[in-house]
Amino acid sequence: MGSTPEPGLLAVDLGLRSGLALYGRDGRLRNYRSQNFGSQSRLKRAVPSVLAGTGPLAFLVLEGGGPVADVWEKEALRRALPVLRVSAEDWRERLLYAREQRSGGQAKDAADGLARRVIDWSHASRPTSLRHDAAEAILLGLWGVLEVGWLPLVPAEVRAR
């Protein structure tokens with residue numbers, strides 16, 4: 001008889017095109033992707049199956065707000081799933097150096113490099129191309145696992161330059 005996987009943490013960089021990153025209880029990235037929902041109505045229909053398809057969850061972490069966030073939060077509430085919401089500025093402040101945040105472009109480039117190091121450290125499958133929203137979701141999830149205490153700090157292999 002197989003064992004039930006431990007509940008994970010799903011991070012979502014919100015938008016009609018969303019980045020999704022799933023983390024395990026060990027603080028490592030399990031998988032990630034970008035998904036284009038196309039419209040608010042398609043998003044509404046898809047969110048329950050996205051959450052169901054990730055396996056058991058302990059936390060949902062969202063970056064962003066507005067009507068798209070409301071859809072995710074409503075479904076999380078229906079499932080009694082705790083939600084953490086954070087702004088990009090807040091997670092970037094915790095994960096990126098000040099010099100990497102001087103401009104939006106600089107922050108995005110730094111985020112891409114850091115997300116790739118998280119992928120390597122986690123032994124997750126390497127991307128052929130890493131979309132910006134998936135990279136942001138990976139870092140949002142890293143912030144989340146730090147926030148809930150699944151990792152005490154950013155691993156040295158991830159932080160190292």
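Residues numbered from 1 in each chain as written. Predicted model: local features only at pLDDT ≥ 70, side-chain atom pairs only at ≥ 80, totals over all residues. Heavy atoms only, no water.

1. With respect to helix H2 (residues 66-78)
What counts is decided by this rule: Numbering of helices and strands starts at the N terminus; helices are DSSP runs of H or I of at least 4 residues and strands are runs of E of at least 2. Multiply 1.5 Å by the residue count of a helix minus one, and that product is the helix's expected span. In this scheme, a residue with accessible area under 20% of its type's maximum is buried, one over 50% is exposed, and one in between is partly exposed, where area comes from a 1.4 Å probe on protein chains only. The arc under discussion is defined with respect to the helix axis, by the directions toward the C-beta atoms. Working rule for contacts: check all heavy atoms of both residues, and any pair within 4.5 Å makes them a contact.
In this model H2 runs 18 Å from its N-terminal to its C-terminal C-alpha over 13 residues, within 8% of the 18 Å that 1.5 Å per residue would give. Those residues of H2 lying buried are Val68, Ala69, Val71, Trp72, Glu75 and Ala76. Taken end-on, H2 shows its buried residues confined to a sector of 155 degrees, consistent with a single buried face. For H2, the exposed residues set more than 90 degrees away from the buried face come down to Pro67, Lys74, Leu77 and Arg78. Tucked inside the fold, the buried residues of H2 contact strand E1 (8-13), strand E2 (17-23), helix H1 (40-53), strand E4 (57-63) and strand E5 (83-86).

2. With respect to the sheet that holds E2
Condition: Each pair of strands is called paired provided DSSP finds at least two bridges between the two strands. Axis definition: a line fitted to C-alpha atoms, over the contacting stretch in the case of helices. Angles run 0 to 180 degrees between N-to-C directions.
Spatial ordering of the open sheet is given by E3-E2-E1-E4-E5, a layout of five strands whose pairing is mixed. Two strands lie at the open edges of the sheet, namely strand E3 (29-36) and E5, each paired on one side alone. Mean inter-strand twist for the sheet, computed between neighbouring axes without regard to direction, equals 15 degrees. One ladder, built from six bridges, connects E1 with E4; its direction is parallel. In the sheet register, Ala11 faces E4, and the bridge partner there is Val61. Against the sheet, helix H5 (residues 132-147) engages E1, E2, E3, E4 and E5, with an angle of about 40 degrees to E2.

3. Considerations on empty space enclosed by the protein
Rules: Grid points spaced at 1 Å over the protein atoms alone were grouped into cavities, where a 1.4 Å probe fits but cannot get out, and pockets, open sets with protein on both sides within 12 Å along at least five of seven lines, with lining residues defined by an atom within 4 Å of a point. Grid points are joined across faces, edges and corners, and a volume is the space filled by probe spheres set on the points. Classification used: nonpolar for Ala, Val, Leu, Ile, Met, Phe, Trp, Tyr, Cys and Pro, charged for Asp, Glu, Lys and Arg, polar for all others including Gly.
Summed over all chains, the structure comprises one cavity of 30 Å³ or more. Lining of the largest cavity is provided by Leu10, Leu20, Ala21, Leu22, Asn31, Tyr32, Arg33 and Thr54. Only E2 and E3 provide two or more residues apiece to the lining of the largest cavity. Among the residues making up the lining of the largest cavity, the classes are represented as five nonpolar, two polar and one charged.

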